[in-house]
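# Geometric and topological summary
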Amino acid sequence: MTQNTTSMSMDCKKPIKIDIVCGFRGSGKTTLIKRMAEEIWEGENIVFLQNESGHEKLSRVSESSGCQVIEVQKGCICCTGAQLMIQTILEVVKEYQPDRIILEAAETARIGSLRSMLSQEMEDTYQLDHVLYVCNIKNYHIKMLISGNYFENELRQAPVIFLNHMNELEKEEGDKILKSLKEISPESTTVKEDWKIMKPEELRAAYENGKIASVDRKENRKSVYAKINYKGYRSR
């Protein structure tokens, strides 16, 4: 693996940029990627890697943008599918020479593990550029109750969090969730506006908040959400 990476690095004039899009299944990852393809990555040679069997297939992104889409469906990429993902990325770089690779991660993928995996295996071949986290706000409380520690740590690892369906909540409930997010991940930028209808320049500004910093954020196993009292919460 190391020899292949080194050889390929010599063939590339500059590292390939990689963006990671994370979030639970049905959160809107594919929808955000489609919007980004139309407004942000236009003009770039893009390859999409989909490790999530989303509600909306990335093939629709390919149809509208003309970009290549490759599905990687043999397990979560930061667990059983790690080596397969590394090999797939190396093959993509060799065959397509993309400017950027967009990775739609499975809902069980951990941002910290993905960054560590890619850094160890491919640091001379690629440049991890952006990490975007998409959150379906209507399922926020349920996901916290079921997967609290995991969910909180992913939010902390995300430079930017795109909220989906925020405009469908009552103001009081939305404000409580925003307060919760601020308590859990004060360093993350939260995009609460409807990014599906944002102006291109606003969307780009939100996207640039996902730029990767040089220092990883540490995981914290203590739940912040559990300490916040949500009186009047009701499932939708």
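Residues numbered from 1 in each chain as written. Predicted model: local features only at pLDDT ≥ 70, side-chain atom pairs only at ≥ 80, totals over all residues. Heavy atoms only, no water.

### Here we look at the overall build of the protein chain
In plain terms, the rule: Here a helix means four or more residues in a row that DSSP labels H or I, a strand means two or more in a row labelled E, and each is numbered from the N terminus. Three exposure classes are used, based on accessible area relative to the maximum for each residue type with a 1.4 Å probe and protein chains only: buried under 20%, partly exposed in between, and exposed over 50%. Whether two residues touch is decided by their heavy atoms; if any such pair falls within 4.5 Å, the residues are in contact. The method behind every accessible area is Shrake-Rupley, applied with a 1.4 Å probe, and residues are considered shielded solely by the protein chains displayed.
When helices and strands are tallied, the protein chain shows 8 helices and 7 strands. The proportion of buried residues among the 236 residues of the protein chain is 50%. Partitioning the contacts of the protein chain with sequence separation of at least 6, the portion at a separation of at least 24 is 80%. When the accessible surface of the protein chain is split by element, carbon and sulfur atoms take 47% of a total near 11900 Å².

### Here we look at the pairing of strand β6 (residues 160-164)
What counts here: In this scheme, strands are said to pair when DSSP sees at least two bridges between them. Seen with its strands pointing away from the viewer, a crossover is right-handed if its path from the first strand over the helix to the second goes clockwise.
Within β6, 5 of the 5 residues are buried, which leaves it mostly tucked inside the rest of the structure. Side chains V160, F162 and N164 project from β6 onto one buried face, and the interleaved I161 and L163 project onto a second face that is buried too. In terms of strand pairing, strand β5 (residues 126-136) meets β6 through 5 bridges, oriented parallel. Among the inter-strand pairings, L132 is bridged to a residue of β6, identified as V160. With helix α6 (residues 140-157) bridging β5 and its parallel neighbour β6, the resulting β-α-β unit is right-handed.

### As for unusual backbone geometry
With glycine set apart, most residues show a phi of negative sign, and most peptide bonds adopt trans. Despite not being glycine, Q97 shows a phi value in the positive range, around 45 degrees. With respect to the secondary-structure elements, Q97 resides in the loop between α4 (82-96) and β4 (100-104).

### Examining the nonpolar core
Using the following cut-off: Definition of nonpolar core: a set of buried residues of the types Ala, Val, Leu, Ile, Met, Phe, Trp, Tyr and Cys, connected through side-chain atoms within 4.5 Å.
Counting residues in each nonpolar core, the largest one holds 44 residues, and the members touching the most others are I20, L49, Y133, Y140 and L155. Residue contributions to this core peak at 6 residues, all from α4. Sequence-distant contacts of L155, defined by excluding residues within four places in its chain, comprise Y133, Y140, M144, I161, L181, I184, S185 and S188.

### Digging into α6
Short version of the rule: Take the number of residues in a helix, subtract one, and multiply by 1.5 Å to get its expected span. Here the bend at each residue means the angle between axes fitted to two seven-residue stretches, the one ending at that residue and the one beginning there.
The first and last C-alpha atoms of α6 sit only 17 Å apart over 18 residues, clearly below the 26 Å expected at 1.5 Å per residue. Remark: the principal bend of α6, roughly 115 degrees, maps to S147. Taken together, the buried positions of α6 are Y140, H141, M144, G148, Y150, F151, E152, N153, E154, L155, R156 and Q157.

Such coordinate-based values are descriptive only and should not be taken to indicate function.
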